[in-house]
Amino acid sequence: MSKLRNVAVVGFAQAPIVDAEPHRTAPEMLYPVVKQALASCGVDRKDIDYQCAGSSDYIDGRAFSFSQVLEVMGAWPPVQDSHVEMDAIFAAHLVWVKMQAEECDTAIVCGFGKCSEGSPTHVLNLQLDPFYHASLGLDHISTSALQASAYMSAKGVDDAALAEVTARNRNAGARNPDTQLRKATSAKELQATPWAVTPLREGYLPPIGETATCLVLAAEGKAEKLCDKPAWIHGVDHRIELQTIGARDLTRSASTKLAADKAFAMAGLNSGRDADVAELGSTTPAEELILRDALGLPSGLGGNGAKDGPAVNPSGSPLCGNPLMNTGLLRLAEGFRQLSGRAGERAVGGAKRAVVHASAGHCLQQNIVWVLGTERRWS
Amino acid sequence: MSRAVAVVGVGQTHHNSKLPDVNVAEMVRIAVDKALADAGLSHEDIDAIVLGKAPDPLEGIMQPEQYLAGALGAHLKPIIRVHTAGSVGCTTALTAVTHVASGLFGRVLTVAFEKQSEGNAMWALSPNYAFTPPMVAGAGGFFAPYCRAYIKRSGSPSHIGAVVAANARDNAGRNEHAHLKDPMTVEDVLGSPMLWDPIRFLETCPSSDGAIAIVLANEELAKKGPRKPAWIKAGATFTEPMYVPGRDQVSPLAGRTCAKHVYAKAGITDPWKQIQVAEFYVPFSWYEPMWLENLGFCELNDGWKVVDRGDQKMGRHLPVNPSGGVLNTNPIGASGMLRFGEAALQVMGRAGEHQVPNVKNALGHAYGGGAQYFSIAILSSEL
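Residues numbered from 1 in each chain as written. Chains lettered and ligands numbered in written order. Predicted model: local features only at pLDDT ≥ 70, side-chain atom pairs only at ≥ 80, totals over all residues.

1. Re the overall build of chain B
- Looking only at helices and strands, one finds twelve helices and eleven strands in chain B.
- For 383 residues, the compact-globule estimate of 2.2 N^0.38 gives 21 Å, and chain B sits close to it at 19 Å.
- With respect to the three principal axes, the spread of C-alpha positions in chain B is 55 × 45 × 40 Å.
- When the 383 residues of chain B are sorted by exposure, 62% land in the buried category.
- A separation of at least 24 residues holds for 78% of the contacts in chain B among residues at least 6 apart in sequence. (Helix = DSSP H or I, 4+ residues; strand = E, 2+ residues; numbered from the N terminus. Rg over C-alpha atoms; globule rule 2.2 N^0.38 Å. Buried ≥ 20, exposed ≤ 12 C-beta atoms within 10 Å, placed from the backbone. Contact = placed C-beta atoms within 7 Å.)

Printed below as a string of structure tokens:
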């Protein structure tokens, strides 16, 4: 791998994830978050070169939804700006590419999505092939259940294992003041919850919530000045697969595997086991197991998920809160918090390298993998 | 930009009010296949894909890059989806340029589309915002007051919009891909119904189905041919908020800032002398003189004089929209990339019947939102 430009995450702020924030619009939720993120780096908005948001018109229920947040992101006088109709973690990737092209040195990335103003179940159905998939009435829960079912029958994984994986995440989430479900639970308790769509129980599925997020990125030379402990980007890659669910092997995530291979090669990692922390964008326990396989992490089964290899999902993962369009960026933020001493009670002691994953689409269709480190990657 | 980037292939569909024989995926695939054939490449040669389109409610498919992954040849590749309102097509192309300039990707395929016949643009473009009374007026109703303000402030005679529209239609007649091509005179335009004063029916863009795809490559790969490349000398996107007190909606500061930034990077000190052809985003006729001013081709309030002299026509000093422009072809998400792609074809000398002779530098431009999002590129025949 040729030498790249060292770029780091230097700041982050979020609103705590809630079921619904009935008294504030998306811009009202985002405004204090942008201020907090900038203040955490001690930087003025005018000293930021570039801004990029990630959001969805369908989630917000109006066309050009992103144009409402220009004021609160600080776009006056006019600024260099873009927007991706994706989870904001892809905006962070675009910023990293832009820094590699030497088009900017500092940037803010914002995510928002007022999921409570619409019906995410109906909206996510519209993401599917309009002729062959969407018309079946599939939503994200039913497609996740298809994938869970395929994985369980191929690998001999049972309901108790899904309950155990979920409980581990929920108990981690109990220590995360910003997440949505903060009540510790047990596998037994979760196994007693009713089926949502078999083989997924209601207890295995995250609530969809809402938040607003702002991440600050900076290139070497600026990053050290903005943050005492920047989280340097050692590698990143993302890949998509065909959507057609019947044409994919749902028991594995080929796009995660390929993205991880590329990101790990860039970072000089042999596998996910080389990291101290892994934060995954899994929205069901079956997804976590599939992602562990793809990233070379311990299987997560038989009780070896917590002790063997890196700490997985210290934030509680999206299983404790799934604010669409922010869910991915929150994983990158968790990697930053863990490496920069900002993870509070849930800090993984001595963490030097983090693997971060996020996903988009149905059945893990599109995946992005990052490697972060406490030291610069290239000298 | 740290590394040289060039356009090495361009492909577009024919544009029409309805392309009834193709669905969204098939329409996009036609443009992709044509761009790859034009570049003498296949899907295996592409390292990443950048997709752009305007609001998803226009077709009713949420985040269509997921559904279109197969049609775009994106399986197991990186793909991102840009959305910056009407400017999105040009911004998407520039995002792909950034990907190549980063050194991380050798060749990038960029695609933009809209299939307006699948939905209702008037509805989709009349969004409700909190604490803001809904206009329910579509884009024309939104921009008409800006055009009225332009006329008042510049002292332009009232026929200028009609001159722009008739000239654009004349140009579209020479573009095999254009949607509207029927000949039309200034008198025809002036005689057409007033929709949103001062914008008449024939001064308004159509709703189109269509797609465009462009292949970009780094210097080493671009020089391998088979085409003479179009080099990207500079590109940038600037944005401003809607509700800034004192904001100049007629000649927005973001547009002026973007132009200044791009000219500085491209080494252009006098755009009127150094740029031979321009493709502006003109959805309503009056925007042609407005952008001539905003982009620094003339002094403030003088844009209408350029049009009145006819200096923006084919064969004159600065042909504007030789393709016929947005006024005759408007698949919204693709419209900005069509400006970028047409500018590339002009510097490659491959614009066919609407080719402007001896083009060294061409400008591609798009804008969007409430005249808030600006995206500008300078393409050149020389590295």
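2. Some thoughts on the overall build of chain A
- Assigned secondary structure in chain A consists of twelve helices and twelve strands.
- For 379 residues, the compact-globule formula gives about 21 Å, and the C-alpha radius of gyration of chain A, at 19 Å, lands near that figure.
- Its C-alpha atoms give chain A principal-axis dimensions of about 55 × 45 × 40 Å.
- When contacts within chain A are restricted to residue pairs at least 6 apart in sequence, those whose partners lie at least 24 apart make up 79%.

3. Examining the packing of helix α2 (residues 88-101) of chain B against helix α12 (residues 332-348) of chain B
Residues and elements named next belong to chain B.
- At a minimum axis distance of 5 Å, the contact between α2 and α12 shows a crossing angle of 60 degrees. Taken as axis vectors, α2 and α12 run oblique relative to one another. Together, Val88, Gly89, Cys90, Thr91, Thr92 and Ala93 of α2 and Gly333, Ala334, Ser335, Gly336, Met337, Leu338, Arg339 and Phe340 of α12 make up the contact between the two elements.
- Grouping the constituent residues of the contact of α2 with α12 by class yields seven nonpolar, six polar and one charged. (Axes fitted to C-alpha atoms, helices over the stretch in contact; angles between N-to-C directions. Parallel < 35°, antiparallel > 145°, perpendicular 65-115°, else oblique. Nonpolar A, V, L, I, M, F, W, Y, C, P; charged D, E, K, R; others polar.)

4. So, the interface of chain B and chain A
- Contacts between the two partners involve 53 residues from chain B, matched on the other side by 50 residues from chain A.
- Put simply, the parts of the chain that give the side of chain B that touches chain A at least two residues each are β3 (79-82), α2, β8 (230-239) and α8 (253-266) of chain B.
- For the side of chain B that touches chain A, the element with the highest residue contribution is α2(B), accounting for five residues.
- Counted by class, the side of chain B that touches chain A contains 29 nonpolar, 20 polar and four charged residues.
- Note: strand β3 (residues 79-84) of chain A against β8(B), two bridges, orientation antiparallel. The residue of β8(B) that forms the bridge with A:Gln80 is B:Phe238. (Pairing = 2+ DSSP bridges.)

5. A word on the pairing of strand β2 (residues 50-54) of chain A
All names here are of chain A.
- Among the five residues of β2, five are classified as buried, and the element is accordingly described as predominantly covered.
- Residues Tyr50, Cys52 and Gly54 line one face of β2 and the alternating positions Gln51 and Ala53 line the opposite face, and both faces are buried.
- With five bridges joining them, β2 and β3 adopt parallel strand pairing. Directly across from Tyr50, in β3, lies its bridge partner Gln80.
- Sheet analysis places β2 next to strand β4 (residues 106-112), joined by five bridges and oriented parallel. Residue Ala53 lies in a different strand from β4, and its bridge partner there is Cys110.

6. Looking at α12(B)
Residue and element names in this part refer to chain B.
- In this model α12 runs 25 Å from its N-terminal to its C-terminal C-alpha over 17 residues, within 8% of the 24 Å that 1.5 Å per residue would give.
- Of all the bends in α12, the greatest, near 25 degrees, is centred on Leu338.
- Counting buried positions along α12 yields 17 of 17 residues, so the element is predominantly enclosed.
- Note on α12: the residue one or two positions beyond its end, Gly349, has a positive phi of about 75 degrees. (Expected span 1.5 Å × (residues − 1). Bend = angle between axes of the 7 residues up to and from the residue.)

7. Quick word on the pairing of β3(B)
Residue and element names in this part refer to chain B.
- Residues Ile79 and Arg81 of β3 are buried on one face, and the alternating residues Ile80 and Val82, pointing to the opposite face, are buried as well.
- As paired strands, strand β2 (residues 48-52) and β3 are joined by four bridges and run parallel to one another. Within β3, the residue paired with Gly52 across the bridge is Val82.

8. As for the environment of A:Cys227
Residue and element names in this part refer to chain A.
- With respect to the helices and strands, Cys227 occurs in the loop between α9 (223-226) and β8 (231-240).
- Here Cys227 falls in the buried class, since 22 other C-beta atoms lie within 10 Å of it.
- Residues Cys227 and Leu319, spaced 92 residues apart in sequence, show a C-alpha to C-alpha distance of 30 Å.
- Setting aside its immediate chain neighbours within four residues, Cys227 contacts Val10, Gly11, Cys41 and Ser340.

9. Points about the confidence of the model for chain B
- Chain-level pLDDT for chain B is 96 on average; 99% of the residues reach the 70-or-more range.
- Among the prediction metrics, the complex's ipTM stands at 0.97, with pTM recorded as 0.98. (pLDDT = per-residue confidence, 0-100.)

10. Considerations on the packing of helix α10 (residues 254-267) of chain A against helix α11 (residues 285-295) of chain A
Residue and element names in this part refer to chain A.
- Between α10 and α11, the least distance of the axes is 8 Å, while the angle of their chain directions is 40 degrees. Crossing of α10 against α11: the hand is right-handed. Every residue of α11 that contacts α10 at Thr256, Lys257 and Ala260 is listed here: Leu291, Ala294 and Leu295.
- Residues of the contact of α10 with α11, tallied by class, amount to four nonpolar, one polar and one charged. (Left-handed = near helix turned anticlockwise from the far one by under 90°.)

11. Topic: unusual backbone geometry
- Looking along the chain, the bond that leaves A:Trp76 and enters A:Pro77 is cis, with omega of -5 degrees.
- Along the chain, A:Pro77 falls in the loop between α3 (70-73) and β3.
- Here B:Asp197 and B:Pro198 are connected by a cis peptide whose omega angle stands at 10 degrees.
- Of note, B:Pro198 is situated in the loop between β5 (194-196) and β6 (199-200).
- The backbone phi angle of B:Gln63 is positive, close to 45 degrees, even though this residue is not glycine.
- In this fold, B:Gln63 is placed in the loop between β2 and β3.
- Taking the number of C-beta atoms within 10 Å as the measure of exposure, B:Gln63 has 25 and is therefore buried.

12. Some points on the environment of A:Cys214
All names here are of chain A.
- Checked against the element boundaries, Cys214 lands in strand β7 (residues 212-219).
- For the pair Cys214 and Leu70, spaced 144 residues apart in sequence, the C-alpha to C-alpha distance is 13 Å.
- Once residues lying within four places of it in the same chain are set aside, the contact partners of Cys214 are Ala13, Val33, Val34, Ala37, Ile108 and Cys110.

13. Observations regarding the environment of B:Ala162
All names here are of chain B.
- Mapped onto the elements, Ala162 comes out in helix α5 (residues 160-172).
- Sequence spacing of Ala162 and Arg256 is 94 residues, and the spatial spacing of their C-alpha atoms is 25 Å.
- Discounting residues that sit within four places of it in the chain, Ala162 has contacts with Val186, Val189, Leu190 and Glu203.

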